[in-house]
Amino acid sequence: MTEAQQPLLQLRGLGVSYYRSGHELRAVDTVDLGLQERECLGIVGESGSGKTQLLLALLGLTPPGARVSGSIRYRGEELLGAPGARLEAIRGRRIAIVFQDPMSALNPYLTIGTQLIEGARRHLQLGRRPALARAAQLLSLVQIDVPAERLRCYPHELSGGMRQRVLIAMALMCDPEILLLDEPTTALDVTVQAQVLELLRALRERTGVAMLFVTHDLGALASMADRVAVMYGGRIVEMAPAAALYASPLHPYTAGLLRSLPRLDLPLPARLPSIPGQPPDLAELPAGCAFAPRCPLAHERCVTAPELRQLPQARALACHYSGSPAQVDAAWLRT
């Protein structure tokens, strides 16, 4: 593979573990991923599947007590185990993150302007006035009106949607190459959610920033992602180009997630389908396939954990079942 074909960001065997009451909790288990330039890669799964822990590991932001293993390479440079000063130089400048809850991500005691310019003053060595001018420009870019006035506001003076836009502007202050999005629309109502997704699409077209978009909502990714990786129990169970995954999911878990979405092209059922049971406790994962206790296609082979294997047409699957997408969907109809 030539240097031009190398992923912008490459994860190999990434693991994030904690210890609780003497038991190992593997929040992320041997994940392999590659993010190309200008690409939007979606990572989807229920709460507790390891999505956020994966993002935090990329920037060295996991909580104390976390054990991170494997490899994280940015443009070929190994970040796992890199000195703290090197990670600080990359965070915000080359790789930026938009956190899930804007109210807790923003400091309530500081104005929006003070928080926005911190990264630009540190990484770009801008003076206060040029940094504030850039901050106002970015607030305008993320469609916040009267940006010069908003810079003097405190977080509680803005709506939830505006605070989320401020976080996006803050992440873009230093023109990063990679934008990590951790459930950026979860705390928003449906109308504002649609506006933020449209904003992210426009920003990607305008700036060319690559995006790693983490969410539990496959619907939010439908018009955003080029590829989608589905996580369950800390592992990737399916990966495919977005159009192929939505049209013909191969893993029973992916099919179950898609069936739980309301459809505008079908009559609304009395009750939306759901996946029975609960996500597994990562400290007490079942032997073999973690999804087997909830899977309508579980059989004796599922006592061993399936490996993620590569398939034609840029797809990958971790499942012992090899039936067609129609057969997978039919299995859910029988539940």
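Predicted model, so just to flag it, every value in this text is computed and none were measured.

(A) Expanded view of the environment of R26. Inspection of the secondary structure puts R26 in strand β2 (residues 23–35). Along the sequence, R26 and A210 sit 184 residues apart, while their C-alpha atoms lie 27 Å from each other. Setting aside its immediate chain neighbours within four residues, R26 contacts G15, V16, S17 and L282. There is a polar contact of 3.2 Å between the side chain of R26 and the side chain of E24. A distance of 3.2 Å separates a polar atom in the side chain of R26 from a polar atom in the side chain of D29.

(B) Region of interest: the sheet that holds strand β1 (residues 9–20). The strand order across the open sheet formed by four strands is β2-β1-β4-β5, and the pairing between neighbours is antiparallel. Since the sheet does not close on itself, it has two edges, and those belong to β2 and β5 (77–78), each with one partner. The pairing of β1 with β2 spans nine bridges and is classified as antiparallel. Bridging across to β2, V16 finds its partner in V28.

(C) View of the environment of A243. Along the chain, the position of A243 falls in helix α10 (residues 242–247). In this structure, the C-alpha to C-alpha distance between A243 and L257, residues 14 residues apart in sequence, is 15 Å.

(D) A look at the packing of aromatic side chains. Per the counting criterion, the structure on display carries three aromatic pairs. Ring pairs connect the aromatic residues Y232, Y253 and F291, which therefore count as one cluster.

(E) Summary view of the packing of helix α4 (residues 112–123) against helix α5 (residues 128–141). Put simply, α4 and α5 touch, their axes get as near as 9 Å, and they point 115 degrees apart. It follows that α4 is roughly perpendicular to α5 by the angle criterion. Along this stretch, α4 crosses α5, giving a crossing that reads as right-handed. Listed contacts from α5 to G113, L116, I117, A120 and R121 of α4 are R128, A131, L132, A135 and L139. Looking at the contact of α4 with α5 residue by residue, the class counts come to seven nonpolar, one polar and two charged.

(F) Local environment of the nonpolar core. Counting 66 residues, the largest nonpolar core has L116, I168, L179 and V228 as the members making the most contacts within it. Looking at this core element by element, the count peaks at seven residues for helix α7 (residues 160–172). When residues no more than four places from it in sequence are discounted, the contact partners of V228 are L41, G42, V44, L218, L221, E238, M239, A240, A242, L245 and Y246. V16, Y18, I95 and I178 belong to the second largest nonpolar core, which has 39 residues in total.

(G) The environment of T114, seen in detail. Its location among the elements puts T114 in helix α4. Placed 17 residues apart in sequence, T114 and A131 show a C-alpha to C-alpha distance of 9.6 Å. Of the polar contacts made by the side chain of T114, one reaches the side chain of T111; its length is 2.9 Å.

(H) How the structure looks around the pairing of strand β9 (residues 227–232). Within β9, six of the six residues are buried, which leaves it mostly tucked inside the rest of the structure. A two-sided burial pattern is seen for β9, the buried positions comprising R227, A229 and M231 on one face and V228, V230 and Y232 on the other. As paired elements, strand β3 (residues 40–44) and β9 share four bridges and run parallel to each other. Opposite I43, over in β9, you have A229 as the bridge partner.

(I) Fine view of the confidence of the model for the protein. Summary statistics for the protein give a mean pLDDT of 89 and a share of 96% for residues scoring 70 or more. Predicted confidence in the protein is weakest over helix α12 (residues 325–333), with a mean pLDDT of 80, and strongest over β9, with 96.

Parameters and conventions
Numbers given to residues run from 1 along each chain, matching the order in which its sequence is written. Only residues with pLDDT of at least 70 get local features here, since the model is predicted, and only at 80 or more are side-chain atom pairs given and counted; chain-wide, interface and lining totals rely on the full set of residues. Side-chain measures were taken over the full set of non-hydrogen atoms in the model, leaving aside hydrogen atoms and water. Per the convention used, a helix needs a DSSP run of H or I reaching at least four residues, while a strand needs a run of E reaching at least two, with both numbered from the N terminus. Between two residues, a contact is recorded if the distance between any of their heavy atoms is within 4.5 Å. Two N or O atoms count as a polar contact when they lie within 3.5 Å, although within protein this holds only if one can serve as hydrogen donor and the other as acceptor, and sequence-adjacent residues are included solely when both atoms are side-chain atoms. A pair of strands is treated as paired once DSSP finds two or more bridges between them. Side-chain rings of Phe, Tyr and Trp (the six-membered ring for Trp) are treated as a pair once their centres are within 6.5 Å; stacked means planes under 30 degrees apart, edge-to-face means over 60, and tilted covers the remaining angles. With axes taken as lines fitted to C-alpha atoms, and helix axes fitted only over the stretch in contact, angles between N-to-C directions fall between 0 and 180 degrees. Orientation is classified from the angle alone, with under 35 degrees giving roughly parallel, over 145 giving roughly antiparallel, 65 to 115 giving roughly perpendicular, and any other angle giving oblique. Crossing handedness is defined as follows: a turn of the near helix away from the far one that is anticlockwise and smaller than a right angle gives a left-handed crossing, while the clockwise case is right-handed. Three classes are used: nonpolar for Ala, Val, Leu, Ile, Met, Phe, Trp, Tyr, Cys and Pro, charged for Asp, Glu, Lys and Arg, and polar for all others, with Gly counted as polar. The definition of a nonpolar core used throughout is a set of buried Ala, Val, Leu, Ile, Met, Phe, Trp, Tyr and Cys residues joined through side-chain atoms within 4.5 Å. Remark: exposure states derive from per-residue accessible area (1.4 Å probe, protein chains only) relative to the maximum for the residue type, with buried under 20%, exposed over 50%, and partly exposed in between. Per-residue confidence from the prediction method is given by pLDDT, with values spanning 0 to 100.

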